Every structure is written in C-alpha cells, then in structure tokens.
Amino acid sequence: MVLDNLLQTVVFGLIEGSVIAVGAVGLTLSYGVTRFINFAYGEFLTYGAYLTVFLAGGLFGLSVPLPAAAVLAIVVVGLLGVGVSRVFFEPISNRGALPLLITSIGVSFVLRNLLQGWVGVSARQLPIPLMRRTDYFGLVRLTDLELGVIVVSVVTMLAIHLLLQRTMLGKRMRATSGNRALAEVAGIDTTNVVRQTWFISAGAGAMAGILYAVLFSPFRPGVGFEYLIVVFAATLLGGIGRPYGAMLGAVFIGLAMNFGSTYLSANYTRAYAFIILVGVLLFKPEGIRGGEF
Amino acid sequence: MALLTGWAAFFVAVATIGCIYGLLTLGLNVHYGYTGLLNFGHVAFFAAGAYASAIVTMPPPSTVTNASYVVWFDLPMPWGFPVSLAAAALVGGALALLIGLTSVRLGTHYLAIATFALAGVFSDVLVNEAWLTNGSFGMNSVPKPGQAALGPDAWQLAYLAFAVLSLLAVYLLVERVLEAPFGRLLKGVRESEAAAEMLGKNTTVVKLKSFVIGGMIAGFAGGVYAHYLGSVVTAQFVPHVTFTVWAAMLLGGAASNTGAVAGALLVVAFEESTRFITTAYNWVQGTLPDPLTGVLPALAGPLPDNPSFIPSMRFVVIGLLFVLVIRYRPEGLFGDPSEIEALGEEE
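What you see is a predicted model; the values in this text were computed from it and never measured. (Residues numbered from 1 in each chain as written. Chains lettered and ligands numbered in written order. Predicted model: local features only at pLDDT ≥ 70, side-chain atom pairs only at ≥ 80, totals over all residues. Heavy atoms only, no water.)

A separate point is the overall build of chain A. The helix and strand tally for chain A stands at 11 helices and two strands. Start at the N end of chain A and walk to the C end: the helices and strands fall as α-α-α-α-β-β-α-α-α-α-α-α-α. Computed over C-alpha atoms, the radius of gyration of chain A comes to 19 Å, within 12% of the 19 Å expected from 2.2 N^0.38 for 293 residues, which places it in the range of a compact globule. Seen through its C-alpha atoms, chain A measures out along the principal axes to roughly 60 × 50 × 35 Å. Counting every position in chain A, which comprises 293 residues, the buried fraction comes to 56%. Within the structure as shown, chain A displays about 11,900 Å² of accessible surface, and the carbon and sulfur contribution to it stands at 66%. Charge centroids of chain A, computed over 19 positive and 12 negative side chains, lie 5 Å from each other. (Helix = DSSP H or I, 4+ residues; strand = E, 2+ residues; numbered from the N terminus. Rg over C-alpha atoms; globule rule 2.2 N^0.38 Å. Buried < 20%, exposed > 50% of the residue type's maximum accessible area, 1.4 Å probe, protein only. Areas by Shrake-Rupley, 256 points an atom, 1.4 Å probe, with all protein chains shown as cover. Lys, Arg positive; Asp, Glu negative; His and termini not counted. Charge placed at Lys NZ, Arg CZ, Asp CG, Glu CD.)

Here we take up the nonpolar core. Of all hydrophobic cores here, the largest spans 202 residues; its most connected members are Phe39 of chain A together with Phe40 and Trp246 of chain B. It is helix 8 (residues 190–216) of chain A that contributes the most residues to this core, 14 residues altogether. If we ignore the near neighbours within four places in the chain, the residues touching Trp246 of chain B are Ile102 of chain A together with Leu28, Tyr32, Leu38, Asn39, Phe40 and Phe322 of chain B. (Core = buried A, V, L, I, M, F, W, Y, C linked by side-chain atoms within 4.5 Å. Contact = heavy atoms within 4.5 Å.)

Here helix 2 (residues 42–57) of chain B spans 24 Å end to end across 16 residues, near enough to the 22 Å set by a 1.5 Å rise per residue. Among the 16 residues that make up helix 2 of chain B, 16 are buried, leaving the element largely enclosed by the rest of the structure. (Expected span 1.5 Å × (residues − 1).)

All names here are of chain B. Backbone geometry at Asn134 places phi at a positive 65°, although glycine is not the residue there. Mapping Asn134 onto the fold places it in the loop between helix 5 (130–133) and helix 6 (147–150). With a phi angle near 65°, Ala255 is a residue other than glycine that sits in the positive phi range. The residue Ala255 is located in the loop between helix 11 (239–252) and helix 12 (257–273) in this model.

Each partner contributes to the interface: chain A provides 47 residues, whereas chain B provides 46 residues. In total, about 4,000 Å² of surface goes out of reach between chain A and chain B, with carbon and sulfur atoms giving 73% of it. Ranking the residues of chain A by area buried against chain B places Leu98, Ile102 and Phe109 of chain A at the top, with a combined share of 17%. At the boundary of chain A with chain B, the tally comes to one salt bridge. The partner of Arg270 of chain A in a salt bridge is Asp124 of chain B, with the nearest N and O atoms 3.0 Å apart. Applying the counting rule to chain A against chain B returns eight residue pairs in polar contact (both at pLDDT 80 or more). Those elements that provide at least two residues to the side of chain A that touches chain B are helix 3 (66–89), helix 4 (97–119), helix 9 (223–238) and helix 11 (269–283) of chain A. Top element by residues in the side of chain A that touches chain B is helix 4 of chain A. It accounts for 18 residues. Its residues assigned to classes, the side of chain A that touches chain B shows 34 nonpolar, eight polar and five charged. (Buried area = accessible area lost by both parts, 1.4 Å probe. Salt bridge = Lys/Arg side-chain N within 4 Å of Asp/Glu carboxyl O. Polar contact = N/O pair within 3.5 Å; in protein donor to acceptor, adjacent residues only side chain to side chain. Nonpolar A, V, L, I, M, F, W, Y, C, P; charged D, E, K, R; others polar.)

Secondary-structure assignment places Leu182 of chain A in helix 7 (residues 180–185). Taking the C-alpha atoms as reference, Leu182 of chain A lies 27 Å from Ala24 of chain A; in sequence the two are 158 residues apart.

With that out of the way, let us pick up the confidence of the model for chain A. With 96% of its residues at a pLDDT of 70 or more, chain A has an overall mean of 87. This model gives residues 287–293 of chain A a pLDDT under 50, and the stretch forms 29 contacts once residues within four places in sequence are excluded. (pLDDT = per-residue confidence, 0-100.)

Okay, a nonpolar patch on the surface next. Residues and elements named next belong to chain A. Nonpolar side chains collect at one region of the surface, where Leu3, Leu6, Tyr263 and Leu264 lie side by side and expose about 420 Å² of accessible area between them. Mapped onto the fold, Tyr263 is located in helix 10 (residues 243–263). In this structure Tyr263 comes out as partly exposed when scored by relative accessible area, which is 41%. (Patch = residues over 30% accessible without salt bridge, like charges linked within 9 Å, V, L, I, M, F, W, Y side chains within 5 Å.)

Tallied over the entire structure, the rule returns six salt bridges over all chains. As a salt-bridge pair, Arg195 of chain A and Glu90 of chain A come within 2.9 Å of each other at their nearest N and O atoms. On the criterion of sequence distance, the pair formed by Arg195 of chain A in helix 8 and Glu90 of chain A in the loop between helix 3 and helix 4 is long-range, its members being 105 residues apart. On the accessibility criterion, Glu90 of chain A (23% relative accessible area) is partly exposed. As a salt-bridge pair, Arg329 of chain B and Glu331 of chain B come within 3.7 Å of each other at their nearest N and O atoms. What makes Arg329 of chain B partly exposed here is its relative accessible area of 38%. When its relative accessible area of 14% is taken as the criterion, Glu331 of chain B is described as buried.

Attention now moves to the confidence of the model for chain B. Here chain B averages 86 in pLDDT, and 97% of its residues register 70 or above. Here the prediction assigns the complex a pTM of 0.89, and the interface score ipTM is 0.86.

Pairs of aromatic rings are described using the distance from one ring centre to the other and the angle between the two planes. Residues and elements named next belong to chain B. In this structure the tally under the stated criterion is 34 aromatic pairs over all chains. Relative to Phe237, the ring of Phe46 has its centre 5.4 Å away and its plane inclined at 75°; by these criteria the two rings are edge-to-face. Within this pair, whereas Phe46 is found in helix 2, its partner Phe237 is found in the loop between helix 10 (203–229) and helix 11, the two being separated by 191 residues in sequence. When its relative accessible area of 1% is taken as the criterion, Phe46 is described as buried. Judged by its relative accessible area of 5%, Phe237 falls in the buried class. With 5.0 Å between their ring centres and 35° between their planes, Trp155 and Tyr159 make a pair best called tilted. Here the residue Trp155 and the residue Tyr159 both occupy positions in helix 7 (residues 152–179), the gap between them amounting to four residues, near one helical turn. By relative accessible area, Trp155 is classed as buried at 1%. With relative accessibility at 3%, the residue Tyr159 sits in the buried group. (Phe/Tyr/Trp six-rings, centres within 6.5 Å; stacked < 30°, edge-to-face > 60°.)

Residue and element names in this part refer to chain B. In contact at an axis separation of 10 Å, helix 7 and helix 12 are set at 150° when each is read in the N-to-C sense. Classified by the interaxial angle, the pair formed by helix 7 and helix 12 is roughly antiparallel. The handedness of the crossing between helix 7 and helix 12 is right-handed. Contact residues: helix 7 offers Leu167, Tyr171, Val174, Glu175 and Leu178, while helix 12 offers Asn257, Thr258 and Val261. (Axes fitted to C-alpha atoms, helices over the stretch in contact; angles between N-to-C directions. Parallel < 35°, antiparallel > 145°, perpendicular 65-115°, else oblique. Left-handed = near helix turned anticlockwise from the far one by under 90°.)

All names here are of chain A. With 16 residues, helix 9 extends 23 Å from end C-alpha to end C-alpha; this agrees with the ideal 22 Å at 1.5 Å per step. For helix 9, the principal kink sits at Ile229 and spans about 30°. Once helix 9 finishes, Gly239 follows within two positions and takes phi at roughly 95°, a positive value. (Bend = angle between axes of the 7 residues up to and from the residue.)

This part covers the environment of Asn140 of chain B. All names here are of chain B. Among the structural elements, Asn140 can be located in the loop between helix 5 and helix 6. When the C-alpha atoms of Asn140 and Leu229 are compared, they prove to be 8.9 Å apart, with 89 residues separating the residues in sequence. Once residues lying within four places of it in the same chain are set aside, the contact partners of Asn140 are Met58, Gly230, Ser231, Val232 and Val233. A distance of 3.2 Å separates a polar atom in the side chain of Asn140 from the backbone oxygen of Phe137.

Here you go:
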C-alpha cells in the first residue's frame, strides 16, 4: 500500500513534469536567442488551450476533431508568437534586457485581458470524456490520456533534441544563442533565426497549455499566467537558456509538487516548486547563470 | 455615505485610493527607480501590512460572523491606530527582509522571477492559513478609526486628509533619505555594483536595506488601506496590484518621487473612471438626435456582451501603457532621461 502510493505519486509527478517540460523548453529556447525572460509566455499556454476548445467546439463555423484542433492551435499560436515579437519586442531589441522584460509584462496584460474581455471569466474545458484508470503491472494506475500526455511530451523533447543537433536551423539557433554578433558575421540571418525560434517557442507554449487542459480541465483565462511560476521554476532550475536542463528541471519540479501535495499538504503545490528553486538559488546560484545550448 | 453623494463621494474615494497607491509607488520606486531592483512581488508587502493591521485590531472572533482566526489583539481604536500602522510597516519590512535575504543577491532577471513567485507563495499562505488570516473569507471587521465620532461623511474626508498627510510625510522622508549619502549609495549600486564594491561598500547589504525600506512603505500603505476599507480579503491582493503600481511608476517616471505620486494618481483615476463608461454611453445615447440613435449600438454591437469586458479592457490599457512608455518615453512624465539610461545598463 505504501509502495503503491509512492509509485503512483512518482507517476503523477512524471505526468505533470512532462507538461511542464514542454513549456519550460519553449521558454528557455526563446531566452537563448532573445536574452530576456518573457513574462507573456504564459499567455501562449492560455491561447493554446482556448483555441483548441474553440476549434473543437465549432466556434469558428466548423468543428474540428480534437487532435487536429490541437495541431492547428499550436501553429496559430506559433504565428501569434512571431507576430507578438515583431510588433512588441523587435523594435526595442537593441535596448537591453530590462526594457524587453518590462514590455513582456505589458504584453501579457494585453493578451490575457483581450481574451478575458472576449470570452469572459467562466471556466471552459476540452471536450474529452472522463476516463477510468487502467492498472499497469498491478502497481500504477493511468488513464489513456495521461499516458498520451507523457508520450506526446517525450516525442516533443526528442523532436527538439533532433532539431537542435541535426538540422541547420538548430545549428543556427545554437550559434545565435552562443554569440549573436559572431553568428551575424558568419552569415547567419539572425533576425530570421529569432523569428523561427519565436514560432517554436510559442508553439511549445501552446502545446503545454493544451496538455495542461487535457489533464486539469476546466480552466480560465488566467491559467497560463498562474502556471507561469511553475514553468519559471523548471526553467531556472535547469539553467535558463539550456533546453536539456529545462527538461530535467521540469521532471524534478513535477515530482516535487506531487510529492509535496501527497505527503505534506495539497494547499501549497506551487510553493514546493518554489522552495526548491529558492534553495537552488541560495546554495548554488553560480550553477544557474544563463548559458548556451 | 449619506450626504457625500455622487461626484464628491467618488472623488474622495478615488483620491484616498490614489494616495494609498502613491505610497505603494514610492516604495517600489526605492526598489527599482533608485536601486535597480526588479521587484515583481510588491503586492506581498502591501498584503502583509494590511493583514498585520487587521490582526492587531480585529475584535475577538466570537463577535464576528464566519470567524475562524485565532490570533487577535483588539487594540482599542484611537490609540491603537498608530500602533497598527507601525505594525503594518514593521511586518511589511520584515517580509521584505525575509524575501530579500533569499533573493536580493540574484541578478535582475532572477530577482524578478523570485519576487514574483514568492509573492505567489505568500498569497497561497494567506488563503490557506485561516487561523491567522481567516482564509479567503477575509477579515471584515477592521475598525475604521474615528468613524463613530465623526459620522460616515466627515470620516471619509478626515481619512482622506490623513491619507494625503501620510503620503506627504513619506514623500518628504524618502526625498530626504535619497538626497543623503545613502541615496547616492543606492544609485551607485544601481549604476555599477562593481564600482560600489571597489569603494568598499557591501552591495548586498545596501540592496537589502533598500528592499526593506520599500517593503516598509508598502506595508504602511497596507495598514492605511485596511483601516480605510475596514476589510482585508485575499482577493484584493493579486499580482494585478503589483503591475498597476509598476504602470504608475513607469508612467510617472522611474527614479522620480514626484513622478511616482503623479503616476499613481493618474493610473488610479483612470482605473476608477472606467466604471462610468456605461453611464457615459447611456448619456450620449440619450442626448443624440433621433436620426443618429442607431450609430452607437451599431458600433458597440460587435463587442462581446459579457460583464468582464470593460474591466478587462482597463487592464489592456494598463498593459499598453507599459509597452508605450517603455518604447517611446522611458523616462515617463516626470523622470530624468539620464537616470533611465543608468537603469537600462546592466551586467
């Protein structure tokens, strides 16, 4: 019984960790090339979840099957990310990180409240049926959806790994992140690389939002902004700007949150993520200075 | 609020809230404007002060409906008031010290995230520790000092006068401190930590002091707020408060105390006046000549018909304020461009 409970908590931690991982990798990728922390990132999660609900629910005329709606939402939010970057961030990109950071707060207010003004504050949820948990090896219980979330997340991580290591875009991204001026001199169109990174980053955010909605519906327009703390925690834990660190950090944060909720108190889920983070900041701050891919 | 009606009551209320936000903005300005500390958790200090005031002055739980708090001091009102405000400032400063000890050494970005998140954790504490805070139901019997003697209308005016005086006193105090060598030390840390260290200054301690001073001012603002509204509820202390204060500071001009106060008054006046949009709409609609009556409904028709539309648009404007001020006028209305230049340089 004790062992059962322990294993089940580990599994829940891994499930939540896989949602966080997708978000944290997206955030950290954009940090790598833009060098500022994007507080508007949470809105990509929110927009991803809402767009999926609207597309699947037939708000825009035709009702799309859920998986197609999710893919469409990821692409649209990716484009939104590029648009947001061009309108709000590119014009001041030569002014240092501080103006960009503060601007991102403003952008998050604009995006979140536009959505809220349009759809209201009532909670929405994805059209997915309630599922019974299946027993695996008599040890852990999972719904097919939860299993799906883990699989999608792992596949995404692998795809990002291949993107970074095996494609020209990935190499350009790494070069831009490492030293933008040098990359420019080497003939890389860094402006374009930054835009492509925004697309991937925002798309990953949308995917994280959708996975979150799959696991924890219903949600409201504030969902992404509230979850941002958790995504930040994972990102910083792994070392900001380091995708592999973010993945590891996410798993760690997911486990910490679920162990804390199960064995301490369910009221402080976010706090567990943060206590760990503050601990790392206190005792190993040099380990989390920004880095390269 | 019997006699003080209509515009007068509205003006008094907005001015009082404006003064409280003025205090908050002065506090944040010490952090960001003068020391360059990115504090994205200002609301936590405000909340800490408000709850401290509530806890020291709330009557025994047996006399309050839905009470689940077990700590109260029930200080008698006329003389309990200054004690309560002092407690608010102290608790605000203590929380700042606590948060500052963990994170003030961090670089700008990490500090922004750490303060933002620690404020989130603090609000979780306020919601969950009902024995201390009465949970999300809130502390709704915070005494309004002098209200019984003055009557509601005169009290509103008297409290406004008190809020204005508090703001003035804190303003003068902050100006004085920042003109003293300590103020130059703060700016020195802001502009170059390495240079300050070269001169033998302990920059961590300087930053911590700045953090505590700003936190005390915000805590004091919380105390003034608690005794003004007579109730302290967790839902009042959301991250939006932090960012409204940021918008006020940026609009007024970072590193300018005059700007901080002016920005706070402008932002609060704007936020409060948006509640009259519907009234104004109806008034315009009522005065339009007959052939034009179709115009406004046609314009407003495509807008979503939900009650959160106008409140949400208010925050869209606040968000745009961030974007536009930073892009086109980083020194705000009253700031000094050279100070902003010093703020923008980092690492």
